[in-house]
Amino acid sequence: MDKYFVTTPIYYSNATPHIGHAYATTIADALARFHRLKGMEVFFLTGTADHGQKIERKAQEQGISPQELTDENVQKFKDLYSKLEITNDFFIRNSDQENHWPGAQALWNKLVEAGDIYKDSYEGLYCVGCETFKTEKDLDEDGLCSDHNTAPEKVVEENYFFRLSKYTGKVREVIETDTIDIYPKSRKNELLSFIDSGLEDISFSRPKEKVGWAIPVPDDPSHNMYVWCEELSNYITAIGYGRDEKSFKKWWPADVHIVGKDILRFHAIIWPAMLMSAGLPLPKAILSTGLIISGGKKMSKTLGNVISPFEMIERYGEEATRYLLLRHVHPFEDTDVTWERLDEWYTAGLVNGIGNLASRIMKLAEQYLDAPVVRPEPTSFVQEYSDAFNNFEFNHAADYVWKKIQELDERIAEEEPFKVVKEDAERGKEMITGLVEDLYIVGRLLKPFMTHTSDVIKKAVLENKKPENLFPRLS
Ligand code: MSP
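Predicted model only: the values in this text are computed from it and were never measured. (Residues numbered from 1 in each chain as written. Predicted model: local features only at pLDDT ≥ 70, side-chain atom pairs only at ≥ 80, totals over all residues. Heavy atoms only, no water.)

Colleague: Honestly, the pattern of salt bridges in this entry has me stumped. Any pointers?
Modeller: When charged atoms on two side chains of opposite charge get close, those side chains can pair. Evaluated as defined, the whole model comprises 31 salt bridges. Among the salt bridges present, the one from Lys284 reaches Asp255, with a minimum N-O distance of 3.1 Å. You can see Lys284 sitting in the loop between helix H10 (264–277) and strand S13 (285–289) and its partner Asp255 sitting in the loop between helix H9 (245–251) and strand S12 (256–260), a full 29 residues away along the chain. Given a relative accessible area of 41%, Lys284 falls into the partly exposed group. Using a relative accessible area of 11% as the deciding quantity, one classes Asp255 as buried. The salt bridge partner of Lys403 is Glu384, with a shortest N-O separation of 3.0 Å. Of this pair, Lys403 sits in helix H15 (residues 394–415) while Glu384 sits in helix H14 (residues 383–390), and the two are 19 residues apart along the sequence. With relative accessibility at 40%, the residue Lys403 sits in the partly exposed group. (Salt bridge = Lys/Arg side-chain N within 4 Å of Asp/Glu carboxyl O. Helix = DSSP H or I, 4+ residues; strand = E, 2+ residues; numbered from the N terminus. Buried < 20%, exposed > 50% of the residue type's maximum accessible area, 1.4 Å probe, protein only.)

As structure tokens, then:
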């Protein structure tokens, strides 16, 4: 059986999940569901990054341990996923000493064996917000991190380094030749010019007294692995690297890593170099998504424009939240999301769209058909819809379904089966049967987006009954 392995980033568990986390996990879920429906064996991985200075400091401020802080937040991620009916096969935490640490350390040893780890003294600028070292060109004119608006900390210490520079040519080649397919293509060119500006060796460890909440470097207890070096390895440790070789061989390489555009470089440059150093196969594709902003600005507590996925669920319901994310957030570009727009999208696509159509058609069916319309289950998906999924254009896959919904609405308006059936019962029934058949197809196409709605529509058809009110009007 063909296999499909899809991953999300492991999200920092220093806070509760935000809309960006909900988005990446929901598109990964839609991909997983789509491939399962095609009959493939799927492994869908998500999880959290619990280590690092940011989390350590926040826990300290709150007077609790980093373990307690991350446990609390991880529970919120899990609550969110259960509401959104996320079907991940595993949830990896990089603080998981049983499942993650052995593989992270085994990978480190492989890099050492390849001669790609060395110790050196380091003088640099560290942004705790990003959990990365910064170079001058990463900072704005005031010397601040442009993502966090804070001055990075000066760091002078001994670190282990990874010979990233050695892999410059090879990494360039895998990107250039689409050995790792970068989506969207425009970011492939950005990566190539970044590589051409020169890759430097990078720090892979921090002294234990600076970062205590992390994984120890094998054979050197005075150093801990630096977050990115061991966070990236979650993609292989979760499926068994370093503890279950058979499972690892079965699932690796990943078919796609889903990441935000801000962390594409880590995934498209550092991660492939690490894998090459360890002699492991490379992921097949990386999807780099745009960011969700609100009212033209980055979401922030200070601006008061944060839209939380929990609030979305409260206002629109779980299924509608999935719909809004999958159809209206652009997979590649930044998307401006405000409550006004969400309300409009909800009403147009759900209340007046699928909700209204399903109830109109099934009301006619219930009234005029003597028995349920039985239809053989289709075995494949139409090309346009499949292509959209294969190109990670979730919005287009949904557009395809909503085009069908609109066509059905128009057909009802033009053919007026509710009138015809009163004058010519046979012809009217034929028309209604045709509408029910097409509604059933719409229901099936909805499955990766809105599983419950899809089931309700199918059930309504099989029982020949008007369904419950699917999407209530907003008050
Ligand atoms: N821990 C690292 C990832 C390690 S993966 C080996 C990390 N975590 S994060 O929680 O800060 O970010 C996780 C993801 O959320 C990133 O892909 C990032 O792009 C995404 N988003 C953060 N803010 C976002 C929006 N406002 N909109 C969409 N996605 C956003 O980075």
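Colleague: Just to check I follow, could you spell out the packing of aromatic side chains for this structure?
Modeller: In this description, a pair of aromatic rings is defined by centroid distance and the angle of the planes. Taken as a whole and judged by the stated rule, the model has 33 aromatic pairs. When the centroid spacing of 4.7 Å and the interplanar angle of 70° are considered together, the rings of Tyr122 and Phe133 count as edge-to-face. One end of the pair, Tyr122, is in strand S4 (residues 117–127); the other, Phe133, is in strand S5 (residues 132–134), with eleven residues separating them in the sequence. Between Phe162 and Tyr167, the ring centres sit 6.1 Å apart and the planes meet at 10°, which makes this aromatic pair stacked. Residue class for Tyr167 comes out buried when judged on its relative accessible area of 4%. (Phe/Tyr/Trp six-rings, centres within 6.5 Å; stacked < 30°, edge-to-face > 60°.)

Colleague: Explain the packing of helix H1 (residues 19–37) against helix H12 (residues 318–328) to me, please; I cannot follow it from the model alone.
Modeller: Two measures define how a pair of helices packs: the angle their axes make with one another and the distance between the axes. In contact at an axis separation of 10 Å, H1 and H12 are set at 90° when each is read in the N-to-C sense. Regarding the angle of H1 to H12, the classification is roughly perpendicular. Along the contact surface, H1 presents Ile19, Ala22, Tyr23, Thr26, Ile27, Asp29, Ala30 and Arg33, while H12 presents Arg322, Leu325 and Leu326. Among the residues making up the contact of H1 with H12, the classes are represented as seven nonpolar, one polar and three charged. (Axes fitted to C-alpha atoms, helices over the stretch in contact; angles between N-to-C directions. Parallel < 35°, antiparallel > 145°, perpendicular 65-115°, else oblique. Contact = heavy atoms within 4.5 Å. Nonpolar A, V, L, I, M, F, W, Y, C, P; charged D, E, K, R; others polar.)

Colleague: Mind showing me how you'd approach the pairing of strand S1 (residues 3–12) here?
Modeller: For a regular strand, the rule is simple: side chains alternate between the two faces of the sheet. Taken across its ten residues, S1 has ten buried, putting it largely inside the fold. Summarising the sheet, S1 and strand S2 (residues 41–49) pair through eight bridges and their orientation is parallel. Directly across from Tyr12, in S2, lies its bridge partner Ala49. The parallel pair S1 and S2 is bridged by H1, and the resulting crossover is right-handed. Both S1 and S12 contribute to a ladder of two bridges, which runs parallel. Bridge pairing in S12 links Val6 to Val256. (Pairing = 2+ DSSP bridges. Right-handed = clockwise from strand over helix to strand, strands pointing away.)

Colleague: Looking at this structure, I do not really get the sheet that holds S2. What am I missing?
Modeller: Neighbouring strands of a sheet are bound in pairs by backbone hydrogen bonds; such pairs are parallel or else antiparallel. With parallel pairing, the six strands of this open sheet are ordered in space as S3-S2-S1-S12-S13-S7. Sheet topology places strand S3 (90–93) and strand S7 (181–183) at the edges, where each strand pairs with a single neighbour. Taken over all neighbouring pairs, the strand axes of this sheet differ in orientation by 20° on average, direction set aside. In the sheet, S12 pairs with S13 via four bridges, with the strands oriented parallel. Counted as the bridge partner of His257 is Ile286 from S13.

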